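As a plain string of letters, each chain reads:
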Amino acid sequence: MGQIGNTPDVFVESPDCGYCGIIDNKAYKNGYSITGNHKRVMEDVYIPNYKQYGNTDLPLAFFTYIAGSFGSNINTQINDIKRDTGIDGSAMPVDIFIDLAQDYAEGGYDHQLLRKIFSVNREVRVSDIKKPTVRYEYPTKSDLLMVAEETAKYGDKNG
């Protein structure tokens with residue numbers, strides 16, 4: 001979409017999970033920071049007009065910036081847009097985005113997990129895109145039941 005006037009680069013929609021999202025790609029040599037004009041465009045153009053991009057009635061779940069790297073204040077900038085619009089956001093390094101795309105099919109990812117990843121309200125980390133594995137948790141001592149019974153007497157004439 002990005003080449004059509006003032007529109008985000010990518011608009012995603014998940015009718016099955018009931019949401020949509022905005023992805024904006026940025027190419028900056030020394031790390032991307034959300035400048036005043038880019039913040040204004042996200043807050044005043046992309047987010048308010050999102051229904052036009054996909055001709056949808058689904059709620060907007062997130063906005064995401066993808067870039068090679070980010071400035072040190074990116075988390076604050078993401079949270080400023082979240083505060084101003086009420087929409088969750090993230091900043092995803094392009095290498096993590098590529099890993100996510102490659103792992104999507106074989107990793108058993110679904111649209112709910114993608115929504116969670118793109119809605120972290122900070123820069124996405126590798127740990128955010130790794131699907132959690134189910135692990136057995138051993139019960140704590142307080143969770144165990146204690147059974148009191150008489151000790152068995154082996155070799156006893158009465159037993």
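Residues numbered from 1 in each chain as written. Predicted model: local features only at pLDDT ≥ 70, side-chain atom pairs only at ≥ 80, totals over all residues. Heavy atoms only, no water.

For the rest of this paragraph, the subject is the packing of helix α1 (residues 36–46) against helix α3 (residues 74–85). For the pair α1 and α3, the least separation of the axes is 10 Å and the interaxial angle reads 30°. Put simply, α1 runs roughly parallel to α3. The way α1 lies across α3 gives a crossing that is right-handed. Here Lys 39, Met 42 and Glu 43 of α1 lie close against α3, whose contacting residues are Asp 80, Ile 81, Asp 84 and Thr 85. (Axes fitted to C-alpha atoms, helices over the stretch in contact; angles between N-to-C directions. Helix = DSSP H or I, 4+ residues; strand = E, 2+ residues; numbered from the N terminus. Parallel < 35°, antiparallel > 145°, perpendicular 65-115°, else oblique. Left-handed = near helix turned anticlockwise from the far one by under 90°. Contact = heavy atoms within 4.5 Å.)

A separate point is the sheet that holds strand β5 (residues 122–123). Read across the open sheet, the 5 strands follow the order β1-β2-β3-β4-β5; overall the sheet is mixed. Only two strands of the sheet have a single neighbouring strand rather than two, namely β1 (10–14) and β5. The strands touched by α1 are β2 (19–25) and β3 (60–67); relative to β2, the strand with the most contacts, the crossing angle is about 155°. (Pairing = 2+ DSSP bridges.)

By secondary structure assignment, the location of Val 41 is in helix α1. When the C-alpha positions of Val 41 and Thr 7 are compared, they lie 9.1 Å apart, and in sequence the two are 34 residues distant. Leave out the neighbours within four places in its chain, and Val 41 touches Asn 6 and Tyr 46.

Now for helix α5 (residues 111–118). For α5, the set of buried residues is Leu 113, Leu 114, Ile 117 and Phe 118. The buried residues of α5 all sit within an arc of 130° when viewed along its axis, so they share a single face. As for α5, its buried residues are in contact with β2, β3, β4 (88–93), α4 (94–103) and α6 (126–129). Backbone nitrogen of Gln 112 and a side-chain oxygen of the N-cap are separated by 3.2 Å at the start of α5; the cap is Asp 110. (Buried < 20%, exposed > 50% of the residue type's maximum accessible area, 1.4 Å probe, protein only. Arc of directions from axis to C-beta. Polar contact = N/O pair within 3.5 Å; in protein donor to acceptor, adjacent residues only side chain to side chain.)

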